[in-house]
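Summary of the model geometry
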Amino acid sequence: MAEGQACIVGIGETAFCRKPGSGMSQLELQLRACTEALRDAGISPAFVDGIMPFPNLGRAEEFASNLGCENLRFASTIHMGGAAPVASLQSAAAAVTEGLANYVLLPAGWNGYSGARVRQTVTADLASIPGGATARDYYIPFGFTAPPQWYAVIARRHMHEFGTTAEQLGAIAVAMRKHAQLNPAAVMCGKPMTIDDYMRSPMLADPYRILDCCLETDGAAAVVVTSAERARDLDVEPVRILSGASGQPYPADEITNRKDLFRTGLSIAAPEAFEKAGLTPEDVDFAMIYDCFTFEVLQQIEEVGFCKRGEGGDFVSGGRIELGGELPVNTHGGLLSEAHVLGMSHITEAVRQLRGTAGRRQVEGAEIGVVTGWGDFGDGSIAVLAR
Amino acid sequence: MAEFHKADVEKLIDGVLPWPAVQDMMKSAKDLDRFDKYVEILQERVPWDERILLPLTPQLFIVAGDGARVVKCRCGHEFGDYRVNWKLSALIYVRDDEESLSEVYKGREMPDPTWVQVREYICPGCGAQLEVEAVPRGCPPDFDFLPDLDTFYREWLGRPLRDSVPYEDLTPALVATWAQPDYAKPVPELEGFTKDFYDFCRKGELRFQRCSECGTWRHIPREMCAECGSFEWEWEPSTGRGTVFSWTVVERPLHPDFSGDTPYAAVIVEMDEGVRLVSEVPDCDPDDLRIGMPVEVFFDAVSHKITLPKFRPRAAVGRTGGPVDRAGGPRTPMRARRTLELPDTIRYEVSDRVAVVTVDRPDALNSLTKDMLTALDAVFADFNADDDIWVAVLTAAGERAFCTGMDLKEAIPLLTSGDELGYEDHTKRQFSDVFKPIIGAVNGHCIAGGMEMLVGTDIRIAAEHATFGLGEVRWGLVPAGGSHIRVPRQIPWAVAMELLLTGDPIDAQRAYEIGLVNRVVPSEDLMPTALDMAARICRNGPLAVRTSKQIAVRALGLEQGFVLEKALAAKVFASEDAKEGPEAFKEKRPPEFRGR
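1. Here we look at the overall build of chain A
Helix and strand counts for chain A stand at 14 helices and eleven strands. Among the 387 residues that make up chain A, the fraction classed as buried is 62%. Look at the contacts in chain A between residues 6 or more apart in sequence, and 76% of them connect residues 24 or more apart.

2. Some words on the environment of Pro328(A)
Residue and element names in this part refer to chain A. Structurally, the position occupied by proline 328 is in the loop between helix 12 (312–316) and helix 13 (334–337). When the 25 C-beta atoms within 10 Å are taken as the criterion, proline 328 is described as buried. In this structure, the C-alpha to C-alpha distance between proline 328 and valine 316, residues twelve residues apart in sequence, is 10.0 Å. If we skip the residues at most four places from it in the chain, proline 328 touches Phe286, Ile321, Glu322, Leu323 and Val363.

3. Here's the deal with helix 11 (residues 294–304) of chain A
All names here are of chain A. Within helix 11, eleven of the eleven residues are buried, leaving the element largely enclosed by the surrounding structure. Each element contacted by the buried residues of helix 11 is listed here: helix 6 (147–162), helix 7 (166–180), helix 10 (265–277), helix 12, strand 10 (368–375) and strand 11 (379–386). Positioned one or two residues after helix 11, glycine 305 has a phi angle of 105°, which is positive.

4. Section: the nonpolar core
Ranked by internal contacts, the top residues of the largest apolar core, which has 164 residues, are Val104(A) and Val225(A). Each residue touching Val104(A), except ones within four places of it in the same chain, is listed here: Gly50(A), Met52(A), Phe74(A), Ala92(A), Ala95(A), Val96(A) and Val225(A). Formed by 66 residues, the second largest nonpolar core is a distinct cluster that contains Val350(B), Leu415(B), Val442(B) and Ala463(B).

5. Some words on the pairing of strand 20 (residues 354–359) of chain B
Residue and element names in this part refer to chain B. Of all six residues in strand 20, six are buried, a share of seventy percent or more. Alternating residues of strand 20 divide into Val354, Val356 and Thr358 and Ala355, Val357 and Val359, and every residue in both groups is buried. Where strand 19 (residues 346–351) lies against strand 20, six bridges are found, and the strand directions are antiparallel. Counterpart to valine 350 in the pairing with strand 20 is alanine 355. Linking two consecutive strands that pair antiparallel, namely strand 19 and strand 20, is a turn of two residues; a positive phi of about 50° is found at aspartate 352 within it.

6. Considerations on the sheet that holds strand 8 (residues 207–211) of chain B
Across the sheet, three strands lie side by side as 9-8-10 (chain B); this open sheet has antiparallel pairing. Strands with a single pairing partner mark the edges of an open sheet, and in this sheet they are strand 9 (217–218) and strand 10 (233–237) of chain B.

7. Quick word on the sheet that holds strand 27 (residues 506–507) of chain B
Within a sheet, neighbouring strands are paired by backbone hydrogen bonds and run either parallel or antiparallel to one another. Strand order in the open sheet made by the four strands is 22-24-26-27 (chain B), with mixed pairing throughout. Each edge of the open sheet carries a strand with a single partner, namely strand 22 (401–403) and strand 27 of chain B.

8. Describing the interface of chain A and chain B
Contacts between chain A and chain B engage 29 residues on the former and 30 residues on the latter. Among the elements of the structure, helix 5 (132–139), helix 6 and strand 5 (203–206) of chain A are those that each provide at least two residues to the side of chain A that touches chain B. Top element by residues in the side of chain A that touches chain B is helix 6 of chain A. It accounts for seven residues. The residue inventory of the side of chain A that touches chain B, partitioned by class, reads 14 nonpolar, eight polar and seven charged.

9. Observations concerning unusual backbone geometry
Residue and element names in this part refer to chain A. In this structure, the amide linkage connecting lysine 19 to the following residue, proline 20, adopts the cis form with an omega of -5°. With respect to the helices and strands, the residue proline 20 is situated in the loop between strand 1 (6–13) and helix 1 (26–41). Tyrosine 250 connects to proline 251 through a cis peptide bond whose omega is -10°. Take proline 251: it is sitting in the loop between strand 8 (239–247) and helix 10. Even without glycine at this site, asparagine 56 takes up a positive phi of about 65°. Along the polypeptide, asparagine 56 turns up in the loop between strand 2 (50–51) and helix 2 (60–67). The exposure class assigned to asparagine 56 is partly exposed, which follows from the 16 C-beta atoms found within 10 Å.

What counts, and at which threshold
Position numbers for residues start from 1 in each chain and track the written sequence from start to end. Chain letters and ligand numbers both follow the written order, the letters beginning at A and the numbers at 1. The predicted nature of this model means local features are confined to residues of pLDDT at least 70 and side-chain atom pairs, given and counted, to a pLDDT of 80 or more, with totals for whole chains, interfaces and linings taken over all residues. The way it works is that DSSP assigns letters per residue, a run of H or I at least four long becomes a helix, a run of E at least two long becomes a strand, and they are numbered from the N terminus. Counting other C-beta atoms within 10 Å of a residue's own tells you its class, since 20 or more makes it buried, 12 or fewer makes it exposed, and anything in between is partly exposed; those C-beta atoms are placed from the backbone. We call two residues in contact when the distance between their C-beta atoms, placed using the backbone, is within 7 Å. Throughout this description, the term nonpolar core refers to a group of buried Ala, Val, Leu, Ile, Met, Phe, Trp, Tyr and Cys residues whose C-beta atoms join them within 7 Å. A pair of strands is labelled paired if DSSP reports no fewer than 2 bridges between them. Asp, Glu, Lys and Arg are counted as charged, while Ala, Val, Leu, Ile, Met, Phe, Trp, Tyr, Cys and Pro are counted as nonpolar; the rest, among them Gly, fall into the polar class.

The structure is reproduced here in structure tokens:
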């Protein structure tokens, strides 16, 4: 392993569920995932001197006080919504390689089913996104109130400009569900779905059907990041963070007036991440893509550069993004079929794949994987990971 | 003239001036500066600096605040404009049962709570009891004292106050806003640029920011131009036209306030200027939406404060758009007033400060049902309350009739059974509270209740074929909607009596000769003439116009007459003749009256 590199040395997850809910506070939920991650890494909480909580879901001080992190010296939150965990990975990597911290803990988790529902997050707390005031003053009064509606208008433009079809969006939902059948932790494990089921599912915000939308679940996940040097002393197989990058769409606080509607934060971040890693999208064995809605998967596949813009519809069809396909995507089932853990479970799954511990859903010979995050009005983040 | 020292006045205020001195003071002429001394003392005693204009009670004062005259408590708490009954903003403790009344009244002194309630008005700032009133249950808070401050300062003190305000009880206007149904959906927060944007919408203008340096349009509003870095910009008017850029059809609401609307479409409109905004195209079936579809803005006044810009398909504008000004091309499109729930038979559209109210039931000769009457009242209350509308034109659909009165099928049973058709307040009649000008545009027969409505208007334009009459007596009834009071004051006595007693109609030319209408014009010129008249009034100061009408109307003092009319007419409606008349009308035979 190269000197000066950072790696993920611990992952932890709680159970994911809908009814009847986790039965614990969001903080406790995340603390349990943290405890798991630290146990996985084989370090005691006292070693943790950096914590990067998810925006609006707890403060580093609370985590440190509960866990017993006596030496906290790096506390930071990246305000990019669902792009935050992957963006934090980049910051945590910088922190451990630059000596700002030795071990950085990244928790995320919530009672997304039994507490405030995903669908309500923006209307319940406008400050939760950078464009909150825009939404309040110029979107919500016109019934344009929630993310599936905001993104549906982008999906419609893509369909209009490139002929993307409902069946192609459906192929994404079906692939995620197929993967979830191989993941006992997935909420949708045991509930298979066909493209016909998809096409029959009720419209939510045309062109989005119910089955285009992520789950709302309770659950938490956490990862531990440290330097390659420290990782050598631990009894785990480290997963290297080859590079990370993040970016914002323009303008980031308003969706509708973007000159290029499909250019998101990832459009800026992805080329940077690949360049830093010295790799190209062709080198990637699998991708964990933040799948809040089906079209956002397609859009990110295009913007990362797995295919050209406008070709995403074909790319996601024909099993190409399923296990055994060209680019297996979200082998755990993703937000669509595993659970909505704010993108953190995309990182834990990528780690499992690169450790070779993904069981029945293991991507054969997985060496290099990509994880993306998507947040707010299209903030983007990406990390290139390797075994 | 007697002079009293400030110290004496101070003792007077405190109630410690010896009785002989008080008598002396009462007997002699009032010293000229008594008021000033009095106020000076009060001013010294309050803990704030605003100038006291008039004491209301030992605890309350009218003071000159920031650009307004407000009622202020000694403690500093403000109750708002002095022309609104301050009690409406006080805390109120109500004693309306024996237990609570017995705390202040002993034994037989206690009023009967069946009839009386005692209200204590408490200052929310300091908890002081400001006023107590014992009134019949349900009686509105008594507005004890509304001083005519400007007149007092001008004529009694000889030094007019700056920034005079109309002497007007604004309490009813406040209460009227309470009666308005609340708009239950989320609204923008009117601050900064957002307030500017939506304030323009209130005025019927869609404007976007445009950089003064490089000319780039932008939306949403921002401090500076991202293209050239300039901080200089203007709110420039948009053409109001654009095309559908994208949309989503919301089938399942994710916000509870929109749950009643599904399916509805949230639409992104790309304007001619290049900016895009989120809006709705409510008149278009979501299935008919297409990318590139031309749309045009209209303004939906969802509440007193908020008007939302919405869109309709552009092709549809010609079909449903407003009237065309023959002289000057298309007028600003009329916007329907959607805050009010109106029956299809009453239309209420506003453009360029003019409301056009149309009775739209031509198949029934524009006769009025009780619902329509209620709707007309609601429309004119809205008109009266909206500062942005200055004149109303009242007309009707079709060419045959302006209005032939109440729908007899519905109204006669109601009237003869004592229903007051919503006019429970006998001092009021149609439009008697409306002090903004109403122009009647009479497009045909104006008979019975139609005539009663017309004499509640101010300026009247008639089509050449219009007729006018009060035929009620022919059917053993009387026109109790105010005609007995209004008509003899508007035209000569003898002509008025001819109309009231014979029940015979007159033609438009005669109506013009007797001064019942201002103009007689060919049918096709009716609305242009009425709208032109409205536009001419709109050139004038709205406050002056409104006050002018108010003085003229209130000086007539019609209320007593209205009460008398109601009382005497009730006897007629209860008579046998009042049953015989309408029956004969229905059976198309001459009635047989018996005089009882």
